[in-house]
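# Architecture at a glance
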Amino acid sequence: MNDLSLFLPCAAGVEDFLAQEVHAITGRAGADLQVLRAGVRVHAAWRDVLALNLKSRLAQRVLVELAHAPYRSEDDLYAAAGAVAWEAWFTPRQTFKVETTAAGSPLKSLNFATLRIKDAVADRFRARAGGVRPSIETRSPDVRVFAHLAADRLSLSIDTSGEALFKRGWRTDKGDAPLKETLAAAMLAASGWWDPETGAVADLPLYDPCCGSGTLPIEAAQIAAGLPAGGQRRFGFERLLPHRAEPWAALRAEAQAAATAAAMREVLIFGSDVSHRMVDFAQRNAERAGVAGRVQLRGGDALQRMPPSERPGVMLLNPPYGERIAPGGFAGAGRGARETAQTGDDGGEFFARLAAHWKKHYAGWTAWVLTPDMKLPQRMRLKESRRVPMWNGPIECRLLRFDMVAGSAREKP
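Residues numbered from 1 in each chain as written. Predicted model: local features only at pLDDT ≥ 70, side-chain atom pairs only at ≥ 80, totals over all residues. Heavy atoms only, no water.

## Some thoughts on the overall build of the protein
- Along the protein, the regular secondary structure elements total eleven helices and 15 strands.
- Here the C-alpha radius of gyration of the protein, 23 Å, is about what a compact globule of 413 residues would show, namely 22 Å.
- With the C-alpha coordinates aligned to their principal axes, the bounding extent of the protein is approximately 75 × 50 × 40 Å.
- Sorting the 413 residues of the protein into buried and exposed places 52% on the buried side.
- Relative to all contacts within the protein whose residues are 6 or more apart in sequence, the contacts with residues 24 or more apart total 77%.
- On the protein, roughly 18600 Å² of surface is accessible, and the fraction owed to carbon and sulfur atoms is 49%.
- Across the protein, 54 positive and 46 negative side-chain charges occur, with their mean positions spaced 2 Å apart. (Helix = DSSP H or I, 4+ residues; strand = E, 2+ residues; numbered from the N terminus. Rg over C-alpha atoms; globule rule 2.2 N^0.38 Å. Buried < 20%, exposed > 50% of the residue type's maximum accessible area, 1.4 Å probe, protein only. Contact = heavy atoms within 4.5 Å. Areas by Shrake-Rupley, 256 points an atom, 1.4 Å probe, with all protein chains shown as cover. Lys, Arg positive; Asp, Glu negative; His and termini not counted. Charge placed at Lys NZ, Arg CZ, Asp CG, Glu CD.)

## Some remarks on the pattern of salt bridges
- The full count for this structure, using the stated rule, is 23 salt bridges.
- When the shortest N-O distance is used, the salt bridge between Asp75 and Arg116 registers 3.4 Å. Taken together, the residues span a long stretch of sequence, with Asp75 in helix H3 (residues 74–82) and Arg116 in helix H4 (residues 110–128) at a distance of 41 residues.
- For Asp75, a relative accessible area of 52% puts it in the exposed group.
- Two residues, Arg311 and Asp203, come together in a salt bridge whose shortest N-O distance is 3.8 Å. One end of the pair, Arg311, is in the loop between strand S11 (296–299) and strand S12 (314–317); the other, Asp203, is in the loop between helix H5 (181–190) and strand S9 (206–208), with 108 residues separating them in the sequence.
- Overlapping salt bridges, with partners in common, bring together Arg57, Arg168 and Glu219 in one network. (Salt bridge = Lys/Arg side-chain N within 4 Å of Asp/Glu carboxyl O.)

## A closer look at empty space enclosed by the protein
- This model, assessed by the stated rule, comprises one cavity of 30 Å³ or more.
- In this structure, the largest cavity occupies an estimated 30 Å³ of space.
- Together, Leu188, Leu206, Tyr207, Asp208, Leu216, Pro217, Phe270 and Leu316 line the largest cavity.
- Among the secondary structure elements, those contributing two or more residues to the lining of the largest cavity are S9 and helix H6 (215–225).
- Here the lining of the largest cavity is built from residues that sort into seven nonpolar, no polar and one charged. (1 Å grid on protein atoms, 1.4 Å probe; cavity = no way out; pocket = protein on both sides within 12 Å on 5 of 7 lines; lining within 4 Å. Points joined across faces, edges and corners; volume = space filled by probe spheres on them. Nonpolar A, V, L, I, M, F, W, Y, C, P; charged D, E, K, R; others polar.)

## Re the nonpolar core
- Ranked by internal contacts, the top residues of the largest apolar core, which has 95 residues, are Leu6, Trp193 and Met390.
- Here this core gets eight residues from one element, more than from any other, and that element is H5.
- Trp193 has contacts with Leu188, Ala200, Val201, Ala202, Leu204, Leu206, Ala220, Val267, Ile269 and Val314, leaving out every residue within four places of it along the chain.
- Cys210, Ala367, Val369 and Met380 belong to the second-largest nonpolar core, a separate cluster that totals 22 residues. (Core = buried A, V, L, I, M, F, W, Y, C linked by side-chain atoms within 4.5 Å.)

## Describing the sheet that holds strand S14 (residues 386–392)
- Taken together, the seven strands give an open sheet; going across it, the order is S11-S10-S9-S12-S13-S15-S14, and neighbouring strands pair in mixed fashion. Both edges of this open sheet fall to S11 and S14, since each of them pairs with a single strand only. Averaged over all pairs of adjacent strands, the angle between their axes in this sheet comes to 20°, without regard to strand direction.
- With six bridges joining them, strand S13 (residues 366–371) and strand S15 (residues 395–403) adopt antiparallel strand pairing. (Pairing = 2+ DSSP bridges. Axes fitted to C-alpha atoms, helices over the stretch in contact; angles between N-to-C directions.)

## Digging into H3
- Within H3, burial applies to Glu74, Leu77, Ala80 and Ala81. Each buried residue of H3 sits inside an arc of 120° when the element is viewed along its axis, so together they form one side.
- In this structure, the buried side of H3 is in contact with strand S4 (63–70), H4, strand S7 (143–149) and strand S8 (153–159). (Arc of directions from axis to C-beta.)

## Considering the packing of aromatic side chains
- Summed over the entire model, instances satisfying the criterion amount to nine aromatic pairs.
- Ring geometry for Phe90 against Phe125: centres 5.0 Å apart, planes inclined by 50°, an arrangement best described as tilted. Placement of the pair is Phe90 in the loop between H3 and strand S5 (95–102) and Phe125 in helix H4, with a sequence separation of 35 residues.
- Relative accessible area serves as the criterion here: at 4%, Phe125 is assigned to the buried category.
- Note on Phe237 and Trp248: the rings are 4.9 Å apart at their centroids and 85° apart in plane angle, and the pair reads as edge-to-face. With Phe237 in the loop between H6 and helix H7 (245–262) and Trp248 in helix H7, the pair connects residues that are eleven residues apart, well separated along the chain.
- We classify Trp248 as buried; its relative accessible area is 7%.
- Of the aromatic side chains, those joined through ring pairs into one cluster are Trp46, Trp89, Phe235, Phe237 and Trp248. (Phe/Tyr/Trp six-rings, centres within 6.5 Å; stacked < 30°, edge-to-face > 60°.)

## Some thoughts on the layout of surface pockets
- Counted as a void, the second largest pocket has a volume near 680 Å³.
- What lines the second largest pocket is a set of 22 residues, among which Phe7, Pro9, Leu63, Thr101 and His148 lie closest to the centre.
- Among the elements of the structure, strand S1 (4–9), S4, S5, S7 and S8 are those that each provide at least two residues to the lining of the second largest pocket.
- In terms of residue class, the lining of the second largest pocket is built from eleven nonpolar, six polar and five charged.

## Observations regarding the pairing of strand S2 (residues 33–36)
- Note: S2 against strand S3 (residues 39–44), four bridges, orientation antiparallel. The residue bridging Gln34 from the neighbouring strand is Arg41, located in S3.

## Remarks on the sheet that holds S4
- A sheet is described by the order of its strands in space; here eight strands give the open sequence S2-S3-S1-S4-S8-S7-S5-S6, paired in mixed fashion. At either margin of the open sheet sits one strand with a lone partner, and together these are S2 and strand S6 (135–136).
- In the sheet, S5 pairs with S7 via seven bridges, with the strands oriented parallel. Across the sheet, Thr101 pairs through a bridge with His148, a residue of S7.
- With respect to the sheet, helix H1 (residues 15–26) is in contact with S1, S2 and S3, its orientation differing from that of S2 by roughly 160°.
- Sitting on the sheet, H3 is in contact with S4, S7 and S8, with an inclination near 40° to S8.

Listed below in structure tokens is the structure:
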């Protein structure tokens, strides 16, 4: 267990930041650390598996790669999966699930491919355990097996995370389409407010004026407090045969000691939202996350809120359309009004007014806005100084940087 090949998937556009974080957690570099599309591969030990699950804020999962093999048919998938020593990872008394993805695969049915891999795993156990085989559980399995089909090669991995790592364990109150914690961390890294390689945070106030249930400010506050991302949840590796309780307890104690050492760090972190209900959600989430005393959350319209700090800092936001970002007097105006905002008919007006408000009251601040709207700078009548490609699930977005100065920031034609 000291020479494992790990693959850590992440959102597209986050790979370089994840590689920096993996280097910081494991110390691996050079040939042991590869940046791939939508993920990072690292050669590491079992202890690194535990540490990456506990500490990574950018990875979606930690997968142990067990096999790579060429294939042309479903029978090839069966043979490759049957050659893996699954009995070294779990027992026939546990349940499992096979999850399959594909990119350019010539096979016609992903479901049939999944079935053949599942049969191979079960048949191997039956042959080695006196006819006993593990059961399939699709909702909450003990073990997850991941298969990826490229054009002519199969990759088989076993998951060590369990639930996806963006589920930190503290967000039980949430609104519609909440920002994933992993993407919030990626935004903090891309803005430069957080350095995933050193763990340092900028000596600048941070403010999210459309904070919703508080994901961005809470993630930032946990980083500033030195709290591990997965400190409040369980992991899939706890059900695998290589797991030992003593090293895991020692690693958690080490992380807690590091958080205690960082507790003296003073960072100004703010969040606000036009929906007071969402602010209540954010406050409860902050309490569960252990950072209620480190983040200031308020209700208020983004078009009217004054800077929360006398010192200019960083604004970071993922503004949704709809009632949460609506101008004053519009929020909660009814279903028809929300639908109008979501179509963008009033979104352009909102963003133009928001930019005017920023130029008037937020001179010296840097604003970073995550959006799928490539024409947002035109709507805001601002010129972005940087565009960072970033995917929000299947949605291609840009994290846009605007440097706020008094007056117009666009050149007149």
